[in-house]
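Close look at the chain arrangement
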Amino acid sequence: LPLSALGGEIDEVTHVQDESLLDVDMGELELLFCEDVFDDVLYAISNVLAPLEELAKSKTAQKPSKQPASDHVSPCEGESKHVLVNTSCVSLLFTNDELVPFTRLILGNCVTTAESSFCDGSNITKLSAKQISMLYLAPDGELYPEQVCAHEMSAGPPLAICLESTREDSKCIVELRGTRIFMVYQYVAECYQYFYSGTVGLGLWIANSAEVLAKLQPEHETESPSKSTSMEFHLFDCSLLIPRSSLSSEMISVEIEHAKISFEDLFDSFSMPTQENCLHLNPVQTADGGSAETSIDQAQKRQVSRTIIEMERFRIFSSMMESGDARDPEAFDSRENLAFNCFFEIDGRAEPNKQVYHQIAPPQNYEIEREKAERHWREMTSNSATLKIIADYAPHLRILVSDDLNGTKTPLSLDVTLSQFCLLMSCWYNNMSELPIMFPVSATDIVVGSKFIADASTFPEFGSEQYREVMESFHPPTSEFVMSLSRLSLRCTTDKSFDTVTTEAKGILLGLDECTIHVVSDSLGLTKVGAGSLGARLIDDDKVHCKIVDVNNRKELMHSWADLTFGTGEECTKFVEDLPLPFQMSIFLAPNASLYNIGMDSSILMMSDFSTLFGFLGFISVYFCESELGYPYLRAMEFLNETKQGMMGEDEIDETTSESLTDFRLWLSRPAVWIPVEPTEFASPFLILATEKGIWYRCATIELFLSQECIVKALTMSFVDKEDAEHRASLSLSRSLTLGKSLVEGLSLGLRIDYSGATNHSDYSLKIPYNGGQAS
């Protein structure tokens, strides 16, 4: 529409061709967003569009139909509009009200097309860019200034956006190809505050400018009901880098072949599997199995916001200090040298044993940066994995990880050192817990979202009635993490120098079949872990008889579940002859105690001691017990004590601390335990302990005190020499009961041993036969 038409008659305006093509070419376009500037621009645009809208409305009401009644012409014919905009470079800069830069989006060789149909009200807008860069310009973004960038050539443009809109709904699809994305949660939180919170930045302007936006919309759109909007993100050949924190250069890289991210609003979150029911992603349904949407009041709808992430064929790598170990405090306390980014940059995508950085300029002080510059990617996955991740806000965060993607299941196999495992934990507990600084959240939101950390000195004494009530009572959860996998393999190795990467490190391998793992953190500061599986294997590479535990699904169950109450209450000392699952485990991490419960049904164990079990349990729980490994809550308590000492002096600080207790319990129903007489020799005679009822064992330690308790019913003990031991590859309970020379049959006993390291004194209690109660 030419500007000269603004001063003409009404007929000159309405005679413009109904179908038009607008082609715009631009060189470089830079847009600066600031609230005051944007208000002025929007006000000017509204003043220009308002007369045109009134002009069109009046002409539509007065204009008679020019088509004869006999002509059958579609009323939609020719009523469309096409727009094409080519731009060599677009830079969109966002600042705060004082014009301090926050973030900048740069798109190179950007092409935008728009097509509108006045007949059905449909609009299709497409945008593609051959270069993309998103910069974090705040002072806290100096270590990771480029949050999104293209790192390699791909089949298509790095960025492609398609927005399809009709009168009923709209859909937006965003595609990223060959890009590197840094997942710094502090920046994500800053963007949320700026764009959506309604307290600062663009969100505040939208909240205060509803009237102006309403004037720009046609009257029929303002009166129509709100349209449903859906959004999808697709990642192709992308790298997702997650640092330990915004101040640390140690990170993991998730190399993704394809990932899809979508969003839903549901009535309820997913339901956990139980002994009677399987896992349900959408548990709210009507009696006939259909959707319950029609039977639920509109005010009760969309109570849960769900994010779905479908990742196909991805691998995980780590980049961290290769000198030192997981307990090196300098990895967490030292601040990175920000000048490093001027001389080095990440070299493409992560590959096994590939150097992380390559040099782009001669560094002024190479000795300072040598360790970081020579880091290599170390793979943490043993195979290419496929996962489906569901995150529900209901209202606390509930995360479900499943390997069932469109009916296809791919086993998840991880091979991690202690340093890598602690890095994974820190990416969640450190990185994902950081708060925005440039646009901080309100004090009210901080109070609501803060977590109470129970103090060991005020927590009930272990074993007391108050302690049992705390463990059994319900406390509102703050977060939940669930894994439902067809097969999980976790290999744990100790830290060692990476100079001998060709030498195979010895470790402990846990394999689970059809497993469910449930981790809950509640408002009291307790962490509960429950796990259930239809099959389990525990292999120790450091043992001659390496297959320590072998459990199979002899009950022919169809699904597993996680019991968070296993081992609590009065059942903690209860002898069990039958377990509902082939393998189940529970862990309770309290401020003054750590409880570990393992139950196995129809299991075959081959071990001379519990070092393998204790080693694995210590591997997965030590991060939450030692502050040197980076657990933020423990480090916060250390910082609090140091601050108190600096303000009050050491003499006024109460140095009394509660004793920490570790309690391990093992339930074995219908087990067969093979104990090698000579553990260091493969061809060794064995002592077999087998029973068709069960074995219960408990080991509790508190400071220098150790207590062990064992209960056995209907025990058969036999001796197998070297020749018969050769048949141990095909072990079973029935074979174990008949193999070898019988020594004892039908023995029931209770044994308890208490040892005090302070006095070097031991007490032994023995009950034969055992008829119930405690062993002592």
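An account of the accompanying structure is given in this report. Note that the structure is a prediction, hence the values are computed from the model and not measured.

Some details on the packing of aromatic side chains
Under the defined criterion, the tally for this structure stands at 28 aromatic pairs. Considering the side-chain rings of Tyr144 and Phe182, the 5.1 Å spacing of their centres and the 40° angle between planes classify their relative orientation as tilted. Residue Tyr144 is found in the loop between β4 (123-136) and β5 (146-150), and its partner Phe182 is found in strand β8 (residues 179-182); the two are separated by 38 residues along the sequence. With relative accessibility at 10%, the residue Phe182 sits in the buried group. Relative to Phe344, the ring of Phe340 has its centre 4.8 Å away and its plane inclined at 15°; by these criteria the two rings are stacked. When sorted by exposure, Phe340 lands in the same class as Phe344, which is buried. Here the aromatic residues Phe94, Phe102, Tyr136, Tyr187, Tyr194, Phe195 and Phe439 are joined through ring pairs into a cluster of three or more. The positively charged end of Arg398 is found above the aromatic ring belonging to Phe270, 4.2 Å away from the centroid.

Digging into helix α11 (residues 465-472)
The complete set of buried residues in α11 reads Tyr467, Val470 and Met471. Down the axis of α11, the sector holding all buried residues measures 95°, keeping them to one side. Elements in contact with the buried residues of α11: β22 (527-533), β25 (583-590) and β26 (593-601).

Quick look at unusual backbone geometry
Note the cis peptide between Ala394 and Pro395, where omega equals -15°. Tracing the chain through its elements places Pro395 in the loop between β15 (385-393) and β16 (397-402). The residue after Ile768, namely Pro769, is reached through a cis peptide bond having omega -5°. For Pro769, the position within the fold is in the segment after β33 (761-767). Positive phi outside glycine occurs at Asn353, with the angle close to 60°. By secondary structure assignment, the location of Asn353 is in the loop between β12 (344-346) and β13 (357-359). Residue Asn353 is classed as partly exposed on the basis of its relative accessible area of 44%.

Cut-offs and rules
Within each chain, residue numbers correspond to sequence positions counted from 1 in written order. Only residues with pLDDT of at least 70 get local features here, since the model is predicted, and only at 80 or more are side-chain atom pairs given and counted; chain-wide, interface and lining totals rely on the full set of residues. Values reported for side chains reflect all heavy atoms of the structure, with hydrogen atoms and water molecules removed beforehand. For this analysis, a ring pair means two rings from Phe, Tyr or Trp (six-membered ring only for Trp) whose centres lie within 6.5 Å, classed as stacked if their planes differ by under 30 degrees, edge-to-face if by over 60, and tilted for the remaining angles. Every helix listed is a DSSP run of H or I at least four residues long, and every strand listed is a run of E at least two residues long, numbered separately from the N terminus. Each residue is assigned to one of three classes by its accessible area relative to the maximum for its type, calculated with a 1.4 Å probe on protein chains only: buried under 20%, partly exposed between the two thresholds, exposed over 50%. Remark: a charge is flagged as sitting over a ring if the NZ atom of Lys or the CZ atom of Arg is within 6 Å of the ring centre and within 35 degrees of the ring normal. By arc we mean the arc of the directions from the helix axis to the C-beta atoms, nothing more. The contact rule is simple, with two residues in contact once any of their heavy atoms fall within 4.5 Å.

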